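Single-letter residue listing:
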Amino acid sequence: MKIDTLDSSVVEAEADALVVPVFAGAPLSGSAATLDRAAGGLIERLIGTGEFGAKPYETLTLHSPAGVRAPLVLLVGLGKREEWNQGLAFRAAAAAARALATKRRRSIAYFLEVDAEGERFAAAGIAGVITGCVGQDLYRAEKKLFPFGELHWAGADEAALDEGRILGEAINLARRLVNEPPDVLYPATFAERAVELSAEHGLECEVWDEKLLADERMFSLLGVARGSANPPRMVLLRYRGAPEAPLVALVGKGVTFDSGGLSLKPSDSMQTMKCDMAGAATVLAAMTAIARLGLRVNVIGMLGLVENMPGGNSFKLGDVLTARNGRTIEVLNTDAEGRLVLADVLSIAIELGATRIVDLATLTGACMVALGPRVAGLMTNDQPWCDDLLAAAAASGEPCWQLPMFADYGDMIRSEVADIKNIGEGRWGGAITAAKFLEEFVSGKPWTHCDIAGPAFAEKPSKWADAGGTGYFVRTLVELARRLEDSNANAPAPR
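Below is a summary of the structure that appears in this document. Throughout, a residue's number is its position along its own chain's written sequence, starting from 1. With pLDDT at 70 or above as the cut-off, local features in this predicted model cover only qualifying residues; side-chain atom pairs require 80 or more to be listed or tallied, and sums for whole chains, interfaces and linings still use all residues. Note: side-chain values were computed over all heavy atoms of the structure, leaving out hydrogens and water.

Only protein chains enter the accessibility calculation, which uses a 1.4 Å probe; a residue whose area is less than 20% of its type maximum is buried, one above 50% is exposed, and one in between is partly exposed. We count a stretch as a helix when DSSP gives it H or I for four or more residues in a row; a strand needs E for two or more, and each element gets its number in order from the N terminus. Of all the 10 residues making up helix H15 (residues 430–439), nine are buried; the element is thus mostly covered by neighbouring parts of the structure. Every buried residue of H15 is accounted for by Gly430, Ala431, Ile432, Thr433, Ala434, Ala435, Lys436, Phe437 and Leu438.

Right under this line is the structure:
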């Protein structure tokens, strides 16, 4: 998609369609006011008659309105002005794109110039357009959505255009990886894709195969991989944007298909389990964006890639696995496998010198029970570090909520046979006991765990996105890196 800035007014712009924003319950302003005057008060009449309420993500198509060169105008609702933020900018722009992308269109012009922080909001909106016009129909002969040939954005400078493109393409990368079928994307092919992207975007990349994983004593991860014909991988990505700055680790769970192992899932629960690598997809996508933006940070991205299958060599209930850091783990449910994968990868992050860690995983259904399908759960051993991530998520408009990590929850994973067990006691507090398990492998370093089981994959489409992978938290991780960059302001420039 070609993306450029637009200097002409809404009435003079030449494009197949124009997108014009309208706030609810406020006087018309900017391009909406200009359009309304040119069209003889049309928008005011539509609002007055209730035909258009300007609710968030509401759209209304105007065909050949008077006084406008473009043959089609799409009004998009923004909700109340006082609630306007980057998340709404992203979703409103995406909703308009999704409404227009049902047909092939050569050029679209957006007039979402509605805030003093225009550059950041423009970048969020452009990212929304890029994601909104792309669906999960990877292998359909007849596509449902068609990316635009050209996007013109009123009032945006080159920096905003570049940032919006990079964010949008990173989100779509994560979505594409999640949406790929598991016979296409498995540990080896995921690792190959990471190698390709690293070469393209200037990341250092190492791939650890099953032999090296065994040599490195990653027996918790290897235990999960036993039942699959597809051998595991670990991918280590490094970005040295400020080599003297503290090292931050982003760790992603990459179970490319989760059958549940011998604790086999029912078919209905297994249908979307290609998405169980969304944490790894998010980390890979965020690393590419951080590198392309040239942020002055020092970050490693780590992907633990396995398949969890019920083969003849599968790990069994009652097995005891020895993790890399020496902790012994009694296996009482082979469908609680993601924490076993992350355990060894987190240990490597500590050994590599990470001073702060974020892990992302589609880890527990319990988190969805607690918070619903659109909100991530955050758990931490270090409140200031968690606050940094919460602030980045709030700025990006990606909802999350912190859950407690009281010491008593740790007692629920103590084993009589080994040091710990891989599930807690019954149904209660499952998201938190999973986090307490992971805490055993971070050696007290500041760490925040993000359970993205709900928002990483949408079973139904929304107004702003097709169903399937969502790319959730890519923007938050990039925003977190940007905030770390501010604290590394005196670091030397990337070489």
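Resuming the write-up.
DSSP-based pairing: two strands are paired if at least 2 bridges between them are found. Pairing in this open sheet of three strands is mixed, and the strands run S11-S12-S16 from one edge to the other. The outermost strands of the open sheet, each flanked by one partner alone, are strand S11 (320–322) and strand S16 (420–421). Two strands pair when backbone bridges link them, and S11 and strand S12 (residues 328–330) are joined in this way by three bridges, in the antiparallel orientation. The residue bridging Val320 from the neighbouring strand is Glu330, located in S12.

It is worth spelling out the packing of helix H10 (residues 278–293) against helix H16 (residues 474–487) at this point. In the contact formed by H10 and H16, the axes pass within 9 Å of each other and the chain directions differ by 45 degrees. In this view, H10 runs oblique relative to H16, as classed from their interaxial angle. For the element pair H10 and H16, the recorded crossing hand is right-handed. Across from Thr282, Ala285, Ala286, Ala289, Ile290 and Leu293 in H10, the residues of H16 making contact are Val474, Leu477, Val478, Ala481 and Arg482. What counts as an axis is a line fitted to C-alpha atoms, over the stretch in contact for a helix, and the angles between N-to-C directions run from 0 to 180 degrees. For classification, angles of less than 35 degrees are called roughly parallel, those exceeding 145 degrees roughly antiparallel, those between 65 and 115 degrees roughly perpendicular, and all remaining angles oblique. The sense of a crossing depends on the near helix, which, turned anticlockwise from the far helix by less than a right angle, makes the crossing left-handed and, turned clockwise, makes it right-handed. Residue contacts are counted whenever heavy atoms from the two residues lie within 4.5 Å of one another.

The next thing to look at is the packing of aromatic side chains. Aromatic rings from Phe, Tyr and Trp, taking only the six-membered ring of Trp, are treated as a pair when their centres fall within 6.5 Å; an angle between ring planes under 30 degrees marks them as stacked, one over 60 as edge-to-face, and anything in between as tilted. In this structure the tally under the stated criterion is seven aromatic pairs. Centroid distance Tyr110 to Trp153: 5.0 Å. Interplanar angle 10 degrees. Geometry classified as stacked. A residue pair is termed long-range when its members are at least 10 positions apart, and Tyr110 in strand S5 (residues 107–110) and Trp153 in strand S6 (residues 150–154) qualify at 43 residues. A residue is classified by how much of its surface remains accessible, and Tyr110, at 0% relative accessible area, is buried. An aromatic cluster is present here, built from Phe23, Trp84 and Phe121 joined pairwise through their rings. Any Lys NZ or Arg CZ found within 6 Å of a ring centre and within 35 degrees of that ring's normal is scored as a charge over the ring. Of note, Arg91 hangs over the ring of Trp464, and the distance from its end group to the ring centre comes to 5.8 Å. The residue whose ring lies beneath Arg475 is Phe90, and the NZ or CZ to ring-centre distance is 4.1 Å.

The next subject is the pairing of S5. Neither face of S5 is open: one carries Ser107 and Ala109, the other Ile108 and Tyr110, and all of them are buried. Where S5 lies against S6, four bridges are found, and the strand directions are parallel. Across the sheet, Tyr110 pairs through a bridge with Trp153, a residue of S6.

This part takes up the sheet that holds strand S3 (residues 59–63). In spatial order, the strands read S1-S6-S5-S2-S4-S3; together these six strands make up an open sheet with mixed pairing. Edge strands, defined here as strands with exactly one partner in the open sheet, are strand S1 (2–6) and S3. On average, each strand axis in the sheet is tilted by 20 degrees relative to the strand beside it, whichever way the strands run. Its contacts with the sheet put helix H1 (residues 30–38) on strand S2 (17–22) and strand S4 (72–77), and the angle it makes with S2 is roughly 110 degrees. Along the sheet, helix H3 (residues 86–100) makes contact with S2, S3, S4, S5 and S6, crossing S4 at roughly 145 degrees.

With that settled, the discussion passes to the nonpolar core. Within the largest apolar cluster, 103 residues are counted, with the highest numbers of intra-cluster contacts made by Tyr110, Trp153, Phe190, Leu250, Val358 and Phe473. Sort the elements by how many residues they give to this core and H10 lands first, with 11 residues. Throughout, nonpolar core names a set of buried Ala, Val, Leu, Ile, Met, Phe, Trp, Tyr and Cys residues whose side chains join them through atoms within 4.5 Å. If you look at the next biggest cluster of nonpolar residues, it comprises 49 residues, including Trp208, Met234, Ile348 and Phe441.

Quick look at unusual backbone geometry now. The phi dihedral of Arg217 is positive, around 65 degrees, even though this residue is not glycine. Relative to the helices and strands, Arg217 is located in the loop between helix H7 (210–215) and helix H8 (219–225). For Arg217, a relative accessible area of 40% puts it in the partly exposed group. Of note in the backbone geometry, Ser443 takes a positive phi value of approximately 55 degrees without being a glycine.

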